[in-house]
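# Fold and contact review
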Amino acid sequence: MGNCGMGRKGEMHCAGPEGDSPKVTCITVFYNRASGVAQTINSLLNQTYRNLDIIIVDDGSTDSTLKEINRLAVESRIRVIAKENSGFTRSMIRAIEASDGEYIAIQGAGDESHPERIACQVRYLKEHPEVGAVGCWRDSENLETGTRSVQRRTEYVPVGGLLAATRNPFSQGEVTMCRAAYLEAGGYRSFFRFRQDYDLWLRMNEGYSLAVVPRVLYKEYGWKGGLRNDPSSMVLAAGLARLAKVAALSRRREGVDPIDADPEAAFDLLVGDKEYARRLKGLAFFAALRFGGRTGVMVIDEALRVVPKWDSRVLRWFFIAGERGDFLRRIGAAMNAVRIKVRSAG
């Protein structure tokens, strides 16, 4: 089992002892989100934990994001990396290579960290050296629907436990991790355009536990134009999440990572994968209700390619029929309106 450094287990506090404050590098990656720059940078500058530097990556934004970053990034502890667009994963890899903190804190673009977030997470990592990465509870607000909720995830995942878990304990933007654990796991892999965090946590969890501080220390926003508004990206993300788990199972059983061995053939591993096909059927329903039957057909066709079953063919027929008069999308809009009203009333 890995060990991130010296420490002792005990009750979690947010204030560390004087003279014992390891350096933290906080990294945030922006792409075309100018309206969220100020709140993110200000929330990092307002951290009570002082031994903190900040790397802000502009991943080739085409709007005023970089201009806004440069306007606000005036403190000497802020470093700006402006580069051509290469995606979140490659941007994180580059920023982490340029960092020197003992701990690496991730910050979602446009999100806000509560003032004590980094202090609480560093304290937890110091007192639990068997933990490689720690998150926290999150206040989540959807900017499209106006709905809000508090995301409370599993508080502790022991070594090897993530493979059996039904969901990712983190959303990624609220995580602080030990650099040693990140490097031992092999870091982010550029193969993963989406779900790069889940792949990283699965590999890190082979030697380190994962944990969540049971306090709301982070506010995340669901921005317009996100993953849930792009059906093709949702299908790719589902495939990558399943591949991350397939690779983890292969490492455990055979000691070989099929993605490292032959990345070009990796998606062939999903042909015949019933779990992936089930996930695609659920995504097909979501896509049909949100975007219309034609989009549902696009997703269910992928499920049929993976596992050609009769129930998927029935769904395909249903989506085609539901495209008439935009029937399915109107049902989805009505269901969403009811859901928003119920959540608002609660």
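In what follows, the structure referred to is the one given above.
Just so it is clear, the structure is predicted and the values come from calculations on it, not from any experiment.

Here we take up the packing of aromatic side chains. Tallied over the entire structure, the rule returns six aromatic pairs. Judged by centre distance (5.3 Å) and plane angle (75°), the ring pair of phenylalanine 191 and phenylalanine 192 falls under edge-to-face. Classification of phenylalanine 191 by relative accessible area gives partly exposed; the value is 24%. The class for phenylalanine 192 is buried, based on a relative accessible area of 0%. Each ring, one from phenylalanine 191 and one from phenylalanine 267, has its centre 6.0 Å from the other, and the planes form 35°; the classification is tilted. Residue phenylalanine 191 is found in the loop between helix H5 (179–185) and helix H6 (196–204), and its partner phenylalanine 267 is found in the loop between helix H8 (258–261) and helix H9 (274–291); the two are separated by 76 residues along the sequence. The class for phenylalanine 267 is partly exposed, based on a relative accessible area of 32%. Each member of the aromatic cluster is reached from another via a ring pair, and the members are Phe191, Phe192 and Phe267.

Looking now at the pairing of strand E4 (residues 103–107). With five of its five residues buried, E4 lies for the most part within the structure. Burial along E4 is two-sided: the face carrying Tyr103, Ala105 and Gln107 and the face carrying Ile104 and Ile106 are both buried. Relative to E4, strand E1 (residues 24–30) runs parallel, the two being bridged by five bridges. Looking at the pairing, threonine 28 lines up with glutamine 107 of E4. Taken together, the three bridges between E4 and strand E9 (residues 176–178) define a ladder with antiparallel strand orientation. Its bridge partner lying in E9, alanine 105 is registered against threonine 176.

The subject of this paragraph is the packing of H9 against helix H11 (residues 310–322). Here H9 crosses H11 at 5°, and the two axes come no closer than 11 Å. Put simply, H9 runs roughly parallel to H11. Touching Lys281, Ala284, Phe285 and Ala288 of H9 are Asp311, Ser312, Leu315, Phe318 and Phe319, all from H11. Along the lines of polarity and charge, the residues of the contact of H9 with H11 split into six nonpolar, one polar and two charged.

Turning our eyes to something else, we now look at unusual backbone geometry. Backbone geometry places asparagine 32, a non-glycine residue, at a positive phi of 50°. Note on placement: asparagine 32 falls in the loop between E1 and helix H1 (37–45). The backbone phi angle of arginine 195 is positive, close to 55°, even though this residue is not glycine. Structurally, arginine 195 is set in the loop between H5 and H6.

Okay, the nonpolar core next. Membership of the largest hydrophobic core comes to 92 residues, with the highest contact counts inside it found for Met177, Tyr188, Trp201 and Met204. The greatest single-element share of this core, amounting to nine residues, is contributed by helix H7 (residues 231–254). Apart from the residues within four sequence positions on either side, methionine 204 is in contact with Gly132, Ala133, Met177, Ala181, Tyr182, Ala185 and Leu210.

So, about the side chain of arginine 203. For arginine 203, the position within the fold is in helix H6. Side-chain polar atoms of arginine 203 contact the side chain of aspartate 199, separated by 2.8 Å. If near-sequence neighbours (up to four positions away) are discounted, arginine 203 is found in contact with Ala185, Gly186, Gly187, Tyr188, Arg189 and Arg251.

A word on the environment of threonine 89. Mapped onto the fold, threonine 89 is located in helix H3 (residues 88–98). Take threonine 89: its relative accessible area is 4%, and that puts it in the buried class. As a C-alpha pair, threonine 89 and aspartate 197 span 108 residues in sequence and 8.9 Å in three-dimensional space. Apart from the residues within four sequence positions on either side, threonine 89 is in contact with Tyr188, Arg189, Ser190, Phe192, Arg193 and Gln196. Only 2.6 Å separates the side chain of threonine 89 from the backbone oxygen of phenylalanine 192, close enough to count as a polar contact.

Another point: H1. Taken together, the buried positions of H1 are occupied by Val37, Thr40, Ile41, Ser43, Leu44 and Leu45. Buried residues along H1 sit in contact with E1, strand E2 (52–59), helix H2 (65–72), strand E3 (78–83), E4 and strand E5 (112–113).

Take the packing of H7 against H9 next. In contact at an axis separation of 10 Å, H7 and H9 are set at 160° when each is read in the N-to-C sense. Classified by the interaxial angle, the pair formed by H7 and H9 is roughly antiparallel. Taken as a pair, H7 and H9 cross one another with a handedness that is right-handed. Along the contact surface, H7 presents Pro231, Met234, Val235, Ala238, Gly239 and Arg242, while H9 presents Glu275, Tyr276, Arg279, Leu280, Leu283, Phe286 and Phe291. Its residues assigned to classes, the contact of H7 with H9 shows nine nonpolar, one polar and three charged.

Rules used throughout
- Residues numbered from 1 in each chain as written.
- Predicted model: local features only at pLDDT ≥ 70, side-chain atom pairs only at ≥ 80, totals over all residues.
- Heavy atoms only, no water.
- Phe/Tyr/Trp six-rings, centres within 6.5 Å; stacked < 30°, edge-to-face > 60°.
- Buried < 20%, exposed > 50% of the residue type's maximum accessible area, 1.4 Å probe, protein only.
- Helix = DSSP H or I, 4+ residues; strand = E, 2+ residues; numbered from the N terminus.
- Pairing = 2+ DSSP bridges.
- Axes fitted to C-alpha atoms, helices over the stretch in contact; angles between N-to-C directions.
- Parallel < 35°, antiparallel > 145°, perpendicular 65-115°, else oblique.
- Contact = heavy atoms within 4.5 Å.
- Nonpolar A, V, L, I, M, F, W, Y, C, P; charged D, E, K, R; others polar.
- Core = buried A, V, L, I, M, F, W, Y, C linked by side-chain atoms within 4.5 Å.
- Polar contact = N/O pair within 3.5 Å; in protein donor to acceptor, adjacent residues only side chain to side chain.
- Left-handed = near helix turned anticlockwise from the far one by under 90°.

Taken by themselves, the reported measurements are silent on function.
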